[in-house]
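# Coordinate analysis (summary)
What follows is each chain in one-letter form.
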Amino acid sequence: ESSFTIVWDAEPPSASVTGYEDGDGNGRVNPAGAWTISGGITDSPGGVSGLSNVRLQIGRLEGQTTYYWTTGQTWSTTPSEFEPTAFTSPNWSYTLPAVNQVSDQKYMLKVRGIDNAVPPNSGSFLTSVAVIVDTTPPSVLITSPTALAHKAAFTIYGTANADLAGHDLTQIRISTGTGGSARYW
């Protein structure tokens, strides 16, 4: 008499993006240099064991055109996927160099997994995590009063623009004089 156990695995791994340097959770980041994106992947019973089990896709929207990050370290209009730069089960991470980040644009982060089953179960890219990369300070312009209005009562008018990332606060500092003789109120 003999017996054996068959384990059937027909499900792809569960993969997710869990971190992208968004400390306040508003979907906007200002990476100080390289930008690290991270996440997790799990699978049972087939399992996942390394970089080759994870596929990432980073897209960025410029006008009406979507550009995709490629394994050749360039942006292309052809959709592509690549492996993360680091994997310690169950976590993965990828670092996008600062020189390749385009500011004031919407990025879409996607991940999928491939397990170690034979044959492997391959997941699909599901919903993306949308992130605004903003490394450009807002532009601010005082439009009124003019320089000659300093001897009369006046109202200060101006504009502030932070396009895609949004604008939270504009502060105005009023002074007389310069350097050590400056007086503020």
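What comes next is a walk through the structure. Note that the structure is predicted; figures quoted are calculated from it, not measured.

### Focus: the sheet that holds strand S7 (residues 86-88)
Pairing within the open sheet is antiparallel, and its four strands lie in the order S1-S3-S8-S7. Each edge of the open sheet carries a strand with a single partner, namely strand S1 (14-19) and S7. Adjacent strand axes in the sheet meet at a mean angle of 25 degrees when their direction is disregarded. Pairing geometry for S7 and strand S8 (residues 91-96), over three bridges, is antiparallel. Looking across to S8, one finds that Thr88 is bridged to Asn91.

### A word on the environment of Gly33
Of note, Gly33 is situated in the loop between strand S2 (28-29) and strand S3 (35-42). With relative accessibility at 30%, the residue Gly33 sits in the partly exposed group. It is 9.2 Å that separates the C-alpha atoms of Gly33 and Gln101, two residues lying 68 residues apart in sequence. Apart from residues lying up to four places away in sequence, Gly33 is in contact with Ala98 and Gln101.

What counts, and where the lines are drawn
Residues numbered from 1 in each chain as written. Predicted model: local features only at pLDDT ≥ 70, side-chain atom pairs only at ≥ 80, totals over all residues. Heavy atoms only, no water. Pairing = 2+ DSSP bridges. Helix = DSSP H or I, 4+ residues; strand = E, 2+ residues; numbered from the N terminus. Axes fitted to C-alpha atoms, helices over the stretch in contact; angles between N-to-C directions. Buried < 20%, exposed > 50% of the residue type's maximum accessible area, 1.4 Å probe, protein only. Contact = heavy atoms within 4.5 Å.

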